[in-house]
Amino acid sequence: MSSMLLHEKNILIMGVANNRSIAWGIAQSLAAQGARLIFTYENERVLERVQKLVNTIPNSLICPCNVQIDEEIDMLASFLKEHVGIIHGYVHSIAYAKPEDLDGLFVETSRNGFTLAHEISAYSLAAVSQRIYPLMTEGGSIVTMTYIGAERAITNYNVMGIAKASLEACVRYLANDLGSYGIRVNAISAGPIRTLAAYGIKDFNGMLKKIEEITPLHKTVDTSEVGDTAMFLLSQLSRGITGETIHVDAGYHITGM
Ligand code: 0WD
(Lines give C-alpha, C1' and ligand atoms only; values in the text may rest on other atoms or scores of the structure.)
Protein backbone atom coordinates (compact mmCIF):
# COMPACT_ATOMS: atom_id res chain seq x y z
CA MET A 1 0.00 0.00 0.00
CA SER A 2 1.47 3.34 -1.06
CA SER A 3 1.56 6.15 1.48
CA MET A 4 0.97 8.67 -1.29
CA LEU A 5 -2.41 10.38 -0.98
CA LEU A 6 -3.33 10.14 -4.67
CA HIS A 7 -1.79 6.77 -5.54
CA GLU A 8 -3.70 5.16 -8.46
CA LYS A 9 -5.98 8.20 -8.82
CA ASN A 10 -6.72 9.46 -12.33
CA ILE A 11 -7.16 13.23 -12.43
CA LEU A 12 -8.16 15.45 -15.36
CA ILE A 13 -6.53 18.91 -15.38
CA MET A 14 -7.84 21.66 -17.69
CA GLY A 15 -6.17 25.07 -17.96
CA VAL A 16 -2.41 24.64 -18.28
CA ALA A 17 -1.29 27.43 -20.62
CA ASN A 18 2.35 27.64 -19.51
CA ASN A 19 4.60 26.90 -16.53
CA ARG A 20 3.20 29.88 -14.61
CA SER A 21 -0.39 28.62 -14.84
CA ILE A 22 -2.11 27.80 -11.57
CA ALA A 23 -3.11 24.48 -13.16
CA TRP A 24 0.59 23.66 -13.57
CA GLY A 25 1.26 24.37 -9.88
CA ILE A 26 -1.66 22.09 -9.03
CA ALA A 27 -0.26 19.40 -11.34
CA GLN A 28 3.04 19.42 -9.41
CA SER A 29 1.28 18.91 -6.08
CA LEU A 30 -0.90 16.10 -7.47
CA ALA A 31 1.99 14.33 -9.20
CA ALA A 32 4.01 14.46 -5.96
CA GLN A 33 1.24 12.40 -4.33
CA GLY A 34 1.29 9.77 -7.06
CA ALA A 35 -1.68 10.87 -9.20
CA ARG A 36 -1.91 9.94 -12.87
CA LEU A 37 -2.70 13.13 -14.74
CA ILE A 38 -4.61 13.80 -17.94
CA PHE A 39 -4.08 17.30 -19.34
CA THR A 40 -6.07 19.17 -21.95
CA TYR A 41 -4.90 21.98 -24.22
CA GLU A 42 -7.13 24.61 -25.75
CA ASN A 43 -5.89 24.51 -29.37
CA GLU A 44 -2.94 23.82 -31.69
CA ARG A 45 -1.44 27.23 -30.84
CA VAL A 46 -0.51 26.06 -27.33
CA LEU A 47 0.01 22.34 -28.03
CA GLU A 48 3.80 22.42 -28.30
CA ARG A 49 4.20 24.42 -25.09
CA VAL A 50 1.79 22.27 -23.09
CA GLN A 51 3.21 19.02 -24.54
CA LYS A 52 6.72 19.98 -23.38
CA LEU A 53 5.46 20.49 -19.83
CA VAL A 54 3.35 17.33 -19.84
CA ASN A 55 6.39 15.30 -20.97
CA THR A 56 8.05 16.12 -17.64
CA ILE A 57 5.37 14.19 -15.72
CA PRO A 58 5.76 10.46 -16.23
CA ASN A 59 2.71 8.40 -17.25
CA SER A 60 0.56 11.45 -18.01
CA LEU A 61 -1.73 11.90 -21.04
CA ILE A 62 -2.79 14.88 -23.16
CA CYS A 63 -5.97 15.54 -25.15
CA PRO A 64 -7.34 18.64 -26.94
CA CYS A 65 -10.42 20.42 -25.60
CA ASN A 66 -11.76 23.89 -26.24
CA VAL A 67 -14.61 24.21 -23.72
CA GLN A 68 -16.60 26.42 -26.11
CA ILE A 69 -17.23 23.43 -28.37
CA ASP A 70 -19.57 20.65 -27.14
CA GLU A 71 -18.16 18.10 -29.62
CA GLU A 72 -14.66 18.63 -28.18
CA ILE A 73 -15.96 17.98 -24.65
CA ASP A 74 -17.71 14.83 -25.93
CA MET A 75 -14.43 13.73 -27.54
CA LEU A 76 -12.57 14.36 -24.28
CA ALA A 77 -15.06 12.15 -22.41
CA SER A 78 -14.66 9.39 -25.03
CA PHE A 79 -10.86 9.70 -24.81
CA LEU A 80 -11.00 9.35 -21.01
CA LYS A 81 -13.35 6.36 -21.20
CA GLU A 82 -11.10 4.60 -23.70
CA HIS A 83 -7.64 5.43 -22.38
CA VAL A 84 -8.21 5.85 -18.64
CA GLY A 85 -11.49 4.22 -17.59
CA ILE A 86 -12.31 5.50 -14.14
CA ILE A 87 -11.79 9.18 -13.29
CA HIS A 88 -11.28 10.21 -9.65
CA GLY A 89 -10.70 13.94 -9.95
CA TYR A 90 -11.18 16.95 -12.17
CA VAL A 91 -9.38 20.30 -11.90
CA HIS A 92 -11.05 23.20 -13.77
CA SER A 93 -8.66 26.17 -14.06
CA ILE A 94 -10.11 28.04 -17.03
CA ALA A 95 -11.39 31.58 -17.45
CA TYR A 96 -11.68 34.19 -20.17
CA ALA A 97 -13.11 37.67 -20.68
CA LYS A 98 -12.49 40.17 -23.48
CA PRO A 99 -9.63 42.53 -22.54
CA GLU A 100 -11.90 45.56 -23.04
CA ASP A 101 -14.24 44.15 -20.38
CA LEU A 102 -11.43 44.05 -17.79
CA ASP A 103 -10.85 47.77 -17.80
CA GLY A 104 -13.01 50.78 -17.04
CA LEU A 105 -16.62 50.46 -15.93
CA PHE A 106 -18.63 47.25 -15.57
CA VAL A 107 -21.72 49.19 -16.60
CA GLU A 108 -20.29 49.36 -20.15
CA THR A 109 -20.12 45.56 -20.60
CA SER A 110 -21.54 44.34 -23.92
CA ARG A 111 -24.07 41.50 -24.24
CA ASN A 112 -21.52 39.45 -26.13
CA GLY A 113 -18.73 40.11 -23.61
CA PHE A 114 -21.01 39.12 -20.73
CA THR A 115 -22.10 35.91 -22.46
CA LEU A 116 -18.57 34.93 -23.49
CA ALA A 117 -17.11 35.41 -20.00
CA HIS A 118 -19.88 33.29 -18.46
CA GLU A 119 -19.69 30.60 -21.11
CA ILE A 120 -15.94 30.00 -20.80
CA SER A 121 -15.47 30.79 -17.11
CA ALA A 122 -18.60 29.30 -15.50
CA TYR A 123 -20.70 27.13 -17.83
CA SER A 124 -17.61 25.13 -18.83
CA LEU A 125 -17.46 23.65 -15.31
CA ALA A 126 -21.01 22.31 -15.68
CA ALA A 127 -20.50 21.24 -19.30
CA VAL A 128 -17.42 19.15 -18.53
CA SER A 129 -18.77 17.77 -15.22
CA GLN A 130 -21.91 16.65 -17.10
CA ARG A 131 -19.78 14.47 -19.42
CA ILE A 132 -17.33 13.09 -16.86
CA TYR A 133 -19.32 12.37 -13.72
CA PRO A 134 -20.52 9.06 -15.25
CA LEU A 135 -16.82 8.06 -15.33
CA MET A 136 -16.41 8.82 -11.60
CA THR A 137 -17.76 5.43 -10.60
CA GLU A 138 -15.65 5.23 -7.44
CA GLY A 139 -16.71 8.70 -6.28
CA GLY A 140 -14.61 11.74 -7.00
CA SER A 141 -13.60 15.30 -6.38
CA ILE A 142 -14.01 18.34 -8.64
CA VAL A 143 -12.08 21.56 -7.97
CA THR A 144 -12.35 24.92 -9.72
CA MET A 145 -10.53 28.25 -9.40
CA THR A 146 -12.26 31.45 -8.34
CA TYR A 147 -11.41 34.93 -7.06
CA ILE A 148 -12.74 37.30 -4.41
CA GLY A 149 -14.08 39.52 -7.21
CA ALA A 150 -17.07 37.12 -7.06
CA GLU A 151 -17.95 38.37 -3.58
CA ARG A 152 -16.90 42.02 -3.73
CA ALA A 153 -16.78 44.68 -6.40
CA ILE A 154 -13.13 44.96 -7.42
CA THR A 155 -12.13 47.74 -9.80
CA ASN A 156 -11.33 46.45 -13.33
CA TYR A 157 -12.26 42.80 -12.55
CA ASN A 158 -15.77 43.70 -13.73
CA VAL A 159 -17.56 41.02 -15.79
CA MET A 160 -15.13 38.35 -14.60
CA GLY A 161 -16.36 38.94 -11.04
CA ILE A 162 -19.93 38.27 -12.13
CA ALA A 163 -18.79 35.14 -13.99
CA LYS A 164 -16.92 33.94 -10.88
CA ALA A 165 -20.07 34.49 -8.77
CA SER A 166 -21.88 32.27 -11.26
CA LEU A 167 -19.04 29.74 -11.07
CA GLU A 168 -19.27 29.61 -7.25
CA ALA A 169 -23.04 29.07 -7.51
CA CYS A 170 -22.38 26.30 -10.06
CA VAL A 171 -20.12 24.67 -7.47
CA ARG A 172 -22.96 24.59 -4.93
CA TYR A 173 -25.53 23.23 -7.39
CA LEU A 174 -23.12 20.63 -8.78
CA ALA A 175 -22.19 19.60 -5.22
CA ASN A 176 -25.88 19.16 -4.44
CA ASP A 177 -26.49 17.09 -7.60
CA LEU A 178 -23.40 14.91 -7.48
CA GLY A 179 -23.13 14.23 -3.74
CA SER A 180 -25.30 11.15 -4.10
CA TYR A 181 -22.65 9.71 -6.44
CA GLY A 182 -19.94 10.30 -3.84
CA ILE A 183 -18.60 13.21 -5.88
CA ARG A 184 -17.55 16.40 -4.06
CA VAL A 185 -17.30 19.81 -5.74
CA ASN A 186 -15.34 22.74 -4.29
CA ALA A 187 -13.68 26.00 -5.32
CA ILE A 188 -10.39 27.59 -4.34
CA SER A 189 -10.47 31.38 -4.15
CA ALA A 190 -6.85 32.33 -4.79
CA GLY A 191 -5.16 35.64 -4.13
CA PRO A 192 -3.68 37.32 -7.23
CA ILE A 193 -0.79 35.46 -8.89
CA ARG A 194 1.20 36.71 -11.87
CA THR A 195 0.08 34.37 -14.71
CA LEU A 196 -0.93 34.88 -18.36
CA ALA A 197 -4.52 35.54 -17.29
CA ALA A 198 -3.31 38.19 -14.83
CA TYR A 199 -1.74 40.21 -17.67
CA GLY A 200 -5.29 41.11 -18.69
CA ILE A 201 -5.99 42.80 -15.34
CA LYS A 202 -5.09 46.49 -15.22
CA ASP A 203 -2.59 47.59 -12.53
CA PHE A 204 -1.88 44.06 -11.35
CA ASN A 205 1.47 45.10 -9.84
CA GLY A 206 -0.20 47.74 -7.68
CA MET A 207 -2.58 45.06 -6.46
CA LEU A 208 0.25 42.71 -5.45
CA LYS A 209 2.02 45.48 -3.57
CA LYS A 210 -1.10 46.43 -1.65
CA ILE A 211 -1.69 42.82 -0.70
CA GLU A 212 1.77 42.51 0.84
CA GLU A 213 0.90 45.51 2.99
CA ILE A 214 -2.56 44.56 4.18
CA THR A 215 -2.94 40.78 4.30
CA PRO A 216 -2.57 39.09 7.70
CA LEU A 217 0.36 37.01 6.34
CA HIS A 218 1.96 40.08 4.64
CA LYS A 219 2.62 38.19 1.43
CA THR A 220 1.10 37.19 -1.87
CA VAL A 221 0.40 33.54 -2.58
CA ASP A 222 2.06 31.33 -5.19
CA THR A 223 0.89 28.41 -7.32
CA SER A 224 2.45 25.82 -4.97
CA GLU A 225 0.22 27.02 -2.12
CA VAL A 226 -2.86 26.75 -4.34
CA GLY A 227 -1.57 23.39 -5.60
CA ASP A 228 -1.29 21.91 -2.11
CA THR A 229 -4.84 23.02 -1.24
CA ALA A 230 -6.11 21.46 -4.47
CA MET A 231 -4.25 18.26 -3.55
CA PHE A 232 -6.05 18.27 -0.16
CA LEU A 233 -9.42 18.79 -1.88
CA LEU A 234 -8.75 15.96 -4.33
CA SER A 235 -7.65 13.58 -1.57
CA GLN A 236 -9.62 11.69 1.05
CA LEU A 237 -8.36 14.14 3.67
CA SER A 238 -11.19 16.49 2.59
CA ARG A 239 -13.87 13.76 2.40
CA GLY A 240 -16.27 15.78 4.60
CA ILE A 241 -16.10 18.94 2.47
CA THR A 242 -18.33 19.78 -0.51
CA GLY A 243 -19.94 22.89 -2.02
CA GLU A 244 -17.26 25.00 -0.32
CA THR A 245 -15.11 27.93 -1.46
CA ILE A 246 -11.74 27.88 0.33
CA HIS A 247 -9.68 31.09 0.28
CA VAL A 248 -5.98 30.64 -0.38
CA ASP A 249 -5.19 34.33 -0.23
CA ALA A 250 -2.91 34.89 2.80
CA GLY A 251 -6.04 36.02 4.67
CA TYR A 252 -6.96 38.93 2.39
CA HIS A 253 -10.70 38.09 2.53
CA ILE A 254 -10.98 38.82 6.26
CA THR A 255 -9.49 42.29 6.05
CA GLY A 256 -11.51 45.52 6.29
CA MET A 257 -10.03 48.99 5.95
O1 0WD B 1 -4.32 35.90 -10.00
C2 0WD B 1 -4.64 34.91 -10.66
N3 0WD B 1 -3.90 34.49 -11.66
C4 0WD B 1 -5.88 34.18 -10.30
C5 0WD B 1 -6.46 33.29 -11.16
C6 0WD B 1 -6.50 34.46 -8.98
C7 0WD B 1 -7.69 33.70 -8.70
C8 0WD B 1 -8.22 32.83 -9.62
N9 0WD B 1 -7.62 32.65 -10.85
C10 0WD B 1 -8.24 31.71 -11.79
C11 0WD B 1 -8.48 32.22 -13.18
O12 0WD B 1 -9.61 33.07 -13.23
C13 0WD B 1 -8.70 30.91 -13.90
O14 0WD B 1 -10.01 30.42 -13.64
O15 0WD B 1 -7.42 30.58 -11.96
C16 0WD B 1 -7.70 29.98 -13.21
C17 0WD B 1 -6.40 29.77 -13.96
O18 0WD B 1 -5.85 31.02 -14.29
P19 0WD B 1 -4.27 31.31 -14.45
O20 0WD B 1 -3.50 30.10 -14.14
O21 0WD B 1 -4.04 32.56 -13.73
O22 0WD B 1 -4.19 31.69 -16.00
P23 0WD B 1 -3.60 30.99 -17.31
O24 0WD B 1 -2.27 30.42 -17.07
O25 0WD B 1 -3.74 32.03 -18.39
O26 0WD B 1 -4.63 29.84 -17.60
C27 0WD B 1 -5.98 30.04 -17.95
C28 0WD B 1 -6.23 29.19 -19.16
C29 0WD B 1 -6.02 29.77 -20.55
O30 0WD B 1 -4.92 30.36 -20.82
P31 0WD B 1 -4.93 31.62 -21.89
O32 0WD B 1 -4.14 32.63 -21.12
O33 0WD B 1 -4.26 31.06 -23.09
O34 0WD B 1 -6.35 32.09 -22.15
O35 0WD B 1 -7.57 28.87 -19.37
C36 0WD B 1 -7.60 28.18 -20.61
C37 0WD B 1 -6.35 28.52 -21.34
O38 0WD B 1 -5.42 27.48 -21.26
N39 0WD B 1 -8.69 28.53 -21.47
C40 0WD B 1 -9.40 27.60 -22.13
N41 0WD B 1 -9.29 26.26 -22.17
C42 0WD B 1 -10.13 25.61 -22.95
N43 0WD B 1 -11.07 26.21 -23.70
C44 0WD B 1 -10.33 28.32 -22.88
C45 0WD B 1 -11.19 27.55 -23.70
N46 0WD B 1 -12.13 28.12 -24.48
N47 0WD B 1 -10.17 29.65 -22.65
C48 0WD B 1 -9.17 29.76 -21.78
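Quick caveat, the model's predicted, so the values are computed rather than measured.

(A) Broad picture of the pairing of strand β6 (residues 183-190). Most of β6 sits out of view: eight of its eight residues are buried. The alternating pattern of β6 places I183, V185, A187 and S189 on one face and R184, N186, I188 and A190 on the opposite face, and all of these are buried. The pairing of strand β5 (residues 140-146) with β6 spans seven bridges and is parallel. The residue of β6 that forms the bridge with V143 is N186.

(B) Structural view of helix α7 (residues 223-234). The first and last C-alpha atoms of α7 sit 16 Å apart over 12 residues, in line with the 16 Å expected at 1.5 Å per residue. Inspection of α7 places T223, V226, G227, T229, A230, M231, L233 and L234 among the buried residues, and these make up the whole buried set.

(C) Representation of the sheet that holds β6 within the structure. Pairing is parallel across the open sheet formed by seven strands, whose spatial order is β3-β2-β1-β4-β5-β6-β7. Unpaired on one side and paired on the other, β3 (61-64) and β7 (245-248) mark the two borders of the sheet. For this sheet, the mean angle separating the axes of adjacent strands, direction not counted, is 20°. As paired elements, strand β1 (residues 10-14) and strand β2 (residues 36-41) share five bridges and run parallel to each other. Looking across to β2, one finds that M14 is bridged to T40. Contacting β1, β4 (89-92) and β5, helix α4 (residues 111-132) crosses the sheet at an angle of about 165° to β4.

(D) Structural context of the environment of S141. Among the structural elements, S141 can be located in strand β5. Sequence separation of S141 and G89 is 52 residues, and the distance between their C-alpha atoms is 4.8 Å. Polar contacts involving the side chain of S141 include one to the main-chain carbonyl oxygen of L233, which spans 2.6 Å.

(E) Focus on the nonpolar core. Of all hydrophobic cores here, the largest spans 34 residues; its most connected members are I11, I13, L30, L37, F39 and V226. When contributions to this core are tallied by element, the ones reaching two or more residues are β1, α1 (22-32), β2, α2 (44-54), β5, β6 and α7. Among the elements that make up this core, the one with the highest residue count is α1 (six residues). Once you skip the residues sitting within four places of it in the chain, I11 turns out to touch L6, L30, A35, R36, L37, I38, G89, Y90, V91 and L234.

The rules behind each value
Residues numbered from 1 in each chain as written. Predicted model: local features only at pLDDT ≥ 70, side-chain atom pairs only at ≥ 80, totals over all residues. Heavy atoms only, no water. Buried < 20%, exposed > 50% of the residue type's maximum accessible area, 1.4 Å probe, protein only. Helix = DSSP H or I, 4+ residues; strand = E, 2+ residues; numbered from the N terminus. Pairing = 2+ DSSP bridges. Expected span 1.5 Å × (residues − 1). Axes fitted to C-alpha atoms, helices over the stretch in contact; angles between N-to-C directions. Contact = heavy atoms within 4.5 Å. Polar contact = N/O pair within 3.5 Å; in protein donor to acceptor, adjacent residues only side chain to side chain. Core = buried A, V, L, I, M, F, W, Y, C linked by side-chain atoms within 4.5 Å.

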